[in-house]
Amino acid sequence: MDLRLNRVDYIQVGVTSQKTMRLLPPLGKKATQKVAIADHDGILTCFGIKKGEAVPVFKTLPGQKIARMDLGGAAGTPQEKIFVCSGSQVRGFTKKGKQFLTFEANLTESINAMHVSGADLFVCASYIYNHYCDCKDQDYYLSGDKINDITCLSTENLTHLVPVLACQDRVLRVLQRSELAYDIEVPGPPSVLELYKDKGNMKLLYMYQFELNFLDFSLGEEILYGTTDGKIGLVEIGERSAATKWEIDNDKKKGGILCIDTYDIIGDGVSDILVGRDDGTVEVYGFDSSNEPTLRFEHVLSESVTSIQGGCVGKESYDEVLTATYTGWVTGLTTEPQKAEAGPGDEVRMSKETQSKVEALRAELEQLQVKVLQGREQYQQTSQSSTAVSAVPVFSINDKFTLCQDDASYSLTLEVQTAIDNLLLQSDVPIDLLDVDKNSAVVSFSECDSEPNGNFLLATYRCQANTTRIELKVRSIEGQYGTLQAYITPRLQPKTCQVRQYQIKPLSLHQRTHSIDQERPMNRLSLVGQFSFAEIHSWVVFCLPEVPEKTPAGESITFYFHNTFLGTQLEATYCKGEGHFKSDNISTISILSDVLSKEATKKKINLNISYEINDDSVSHTLNMIHPKLEYQLLLARKVQLIDALKELQVHEGNADFLIPEYRNILDESANLLEEYKKQPAHLERLYGMITDLFIDKFKFKGQNVKTKVSALLEILDNYDLNSLLDFFNEA
């Protein structure tokens, strides 16, 4: 990383949504650019920077929450018209602030993604895509899963406009008019799309290569995507097919991608990739000699980055990365060096410009302190009045509850526009809280009785001052389902809190995938009954995560899943009156059978249930559990030895007399204890899964083997895979 950028905070507006800040085109080469930003108060603000201060150009009146912003204009002219969407309405403003367009899309849902290209307007609600030309309806498409973002391939290289949708089911959908041309599988749920605009020779090289070898791609363009689990990729999209150029994995477990832009901030003639993440990380990726993306710069802000742009804002001829955060801060990371003047006696003096800034900030701070004191006194006086009514302060919460594939846990991220005082977690199902390195809050657990109140977890997190974002990790047990509730209390007066609920589903550790291995030994569950397509779909939504709530179009649907903890698989195919489920894990089939039966009983629907059990699947599942169980047993034994080995080391004065294996345990003791601490009850979970597998195997044969569980646990305490397989076969 050889790029140095210095942080400058410009202005704060209200809470912002994803992709609601844009830089207007410069009036001349290297001239400063104006910034347009929209917030949840419905205010569109446009400002420029003069002498380090934000100077407003225009500001609209408050209104409905603004969800997206884009720039547009006639083809071949500067794209300086500002378009914003609120609810199902799109408005257009000139760079001076004059409103020239109010267009009502008449959608039943609010617009959450938008793209403008000349006279063409592309808008997306949760599942619906609409294309308008000169405000007249052109095309319509109903997506199979939620649409997170949209972009459109440039008309310069293509015969007609080609929209690309980023959909929650890990797919980019390329449309042709109102039809799906083809889709592209990506490694995670895509959250943002951006055309890769390369000013350097790399684009020409690619185009030349594809014109020679792959005729389809001679019309193609490159699109960058970012996923909710933090991966970045580049795909070359043609009219009939696509190719993945490269992917960047999220090895360091950073946050999900919220925004991407391209700009040559390094100054090597090739457009760099600017990335903003939901954990506050800002990244700049350049390209090495082999055209592979390389991280050149990283900076961490204290809150999620909702928008990112590259340009020239603060001072002429100095490029910068401009970001907008969730709470509305507009921050620049500029190439302008921060200079300090050295005076007599080696004292460092601030420049006159910086001194005047500091004095202005001090004066503003004093004014704010006086206003706060006056407001507090006024509140105390009115609160003593018999007619006074206490108003509950309103605050926004940005929350995300997602399954992490790497460690089979759920990540709960909560972000508030003001400092968090405390957070209470309550769950009516057994879950484990896992350690998170980024979390500095102090946690305390309360005793809870699961029988009368249904409480399995009561935990309180007390946050440090100025904490606006908190990240937690929990791990659930498949087969046990219910609700996790978070009570968020900010540092506001009078005290108030908001409650957020998150469903723990019966097969909570399963994640959507594009395909499964059909060669594995499979168990089958079949349901037949008088139920509609919508009813069985609602049952599948209740059982499994990442299934769209909207009933799919067509007469039948197939979903594929894999278990993030064990690696087992599930295929679900269903239609009106019929459902078929296949899995290489008997316990998955057992959980599905129990839950679907209960849901059908609630609706008073009779089900004809049949099973096909493959005995080979049991040994297959045990073999998949084996390496995890062996590793956890070895880790537990090493941790048990640490205290005794440390005592011996103290007693003898050194550890030279120990065998290499024990010396290695002492050397690695800190890492071993940390890993063991991060995975509480991991071994017990594996024991529980093997026990459930044992009971479920014989349940389908009509036998109750619960009396033999104690013998199974004895074998697990003296674990050997062959002995375990023999026990399952002989029981």
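What you are looking at is a predicted structure, and each value in this text was computed from that prediction instead of being measured.

S.K.: I'm lost on the pairing of strand β8 (residues 89–93) in this one. Help?
M.R.: Note on strand geometry: in a regular strand, side chains alternate between the two faces of the sheet. Of all five residues making up β8, four are buried, and the element is well covered by its neighbours. Note that strand β7 (residues 81–86) and β8 share five bridges and pair antiparallel. Across the sheet, residue Phe83 finds its bridge partner in β8, namely Gly92. Hairpin connection of β7 to β8: two residues between the antiparallel strands, including Gly87 at a positive phi of 60°.

S.K.: Any chance you could explain the nonpolar core here in plain terms?
M.R.: Nonpolar side chains tend toward joint burial in soluble globular proteins. Formed by 55 residues in total, the largest nonpolar core has its most connected members in Leu414, Ile470, Leu629, Ile690, Leu724 and Phe728. Looking at this core element by element, the count peaks at seven residues for helix α9 (residues 682–699). Formed by 25 residues, the second largest nonpolar core is a distinct cluster that contains Val540, Val547, Ala600 and Ile605.

S.K.: I would appreciate a short explanation of the confidence of the model for the protein in the present structure.
M.R.: If pLDDT is low for a region, its predicted coordinates should not be looked at in detail. Here the protein shows a mean pLDDT of 87. Residues at 70 or above account for 93%. Below pLDDT 50 for its whole length, residues 199–219 participates in 36 contacts with residues either more than four positions away or in separate chains.

S.K.: Which parts of the structure should I look at to understand the sheet that holds strand β40 (residues 510–513)?
M.R.: Strand pairing in a sheet relies on backbone hydrogen bonds. The paired strands run either parallel or antiparallel. Spatially, six strands are ordered β40-β42-β43-β44-β41-β45 in an open sheet, and the strand pairing comes out antiparallel. Since the sheet does not close on itself, it has two edges, and those belong to β40 and β45 (607–612), each with one partner. Neighbour-to-neighbour, the strand axes of the sheet open up by a mean angle of 20°, direction not taken into account. Relative to strand β44 (residues 578–583), strand β43 (residues 569–575) runs antiparallel, the two being bridged by six bridges. Its bridge partner being in β44, Cys575 is matched across the sheet by Glu578. Docked against the sheet, helix α5 (residues 586–602) engages β40, β41 (523–529), β43, β44 and β45, running at close to 15° with respect to β41.

S.K.: Would you take a moment to explain the pattern of salt bridges for this structure?
M.R.: Pairs can form between side chains of opposite charge once their charged atoms are near each other. Under the definition given, this model contains 29 salt bridges. Among the salt bridges present, the one from Lys253 reaches Asp406, with a minimum N-O distance of 3.7 Å. Residue Lys253 is found in the loop between β21 (242–248) and β22 (257–263), and its partner Asp406 is found in the loop between β31 (397–404) and β32 (409–416); the two are separated by 153 residues along the sequence. Lys400 serves as the salt-bridge partner of Asp278, at 2.4 Å between the closest nitrogen and oxygen. Separated by 122 residues along the polypeptide, Asp278 in the loop between β23 (272–277) and β24 (281–287) and Lys400 in strand β31 bring together distant segments of the chain.

S.K.: Quick question: what am I supposed to make of the packing of aromatic side chains here?
M.R.: Think of a pair of aromatic rings as described by two things: how far the centres are apart, and how the planes are tilted against each other in angle. Evaluated as defined, the whole model comprises 16 aromatic pairs. Measuring from centroid to centroid gives 5.8 Å for Phe83 and Phe100, while their planes differ by 85°, and the two rings are edge-to-face. Here Phe83, found in strand β7, pairs with Phe100, found in strand β9 (residues 99–104); they are 17 residues apart in sequence, far enough to count as distant. Relative accessible area serves as the criterion here: at 9%, Phe83 is assigned to the buried category. When its relative accessible area of 37% is taken as the criterion, Phe100 is described as partly exposed. Ring plane angle 85° and centroid distance 5.6 Å describe the contact between Tyr481 and Phe542, whose orientation is recorded as edge-to-face. Note that Tyr481 is positioned in the loop between β37 (469–476) and β38 (482–490) and Phe542 in helix α4 (residues 533–543), a separation of 61 residues in sequence. Over the ring of Phe542 we find Lys602; its NZ or CZ atom is 5.8 Å from the centre of that ring. Geometry around Phe700 places Lys699 over its ring, the cationic atom sitting 5.4 Å from the centre.

Rules used throughout
- Residues numbered from 1 in each chain as written.
- Predicted model: local features only at pLDDT ≥ 70, side-chain atom pairs only at ≥ 80, totals over all residues.
- Heavy atoms only, no water.
- Buried < 20%, exposed > 50% of the residue type's maximum accessible area, 1.4 Å probe, protein only.
- Helix = DSSP H or I, 4+ residues; strand = E, 2+ residues; numbered from the N terminus.
- Pairing = 2+ DSSP bridges.
- Core = buried A, V, L, I, M, F, W, Y, C linked by side-chain atoms within 4.5 Å.
- pLDDT = per-residue confidence, 0-100.
- Contact = heavy atoms within 4.5 Å.
- Axes fitted to C-alpha atoms, helices over the stretch in contact; angles between N-to-C directions.
- Salt bridge = Lys/Arg side-chain N within 4 Å of Asp/Glu carboxyl O.
- Phe/Tyr/Trp six-rings, centres within 6.5 Å; stacked < 30°, edge-to-face > 60°.
- Lys NZ or Arg CZ within 6 Å of the ring centre and 35° of its normal.

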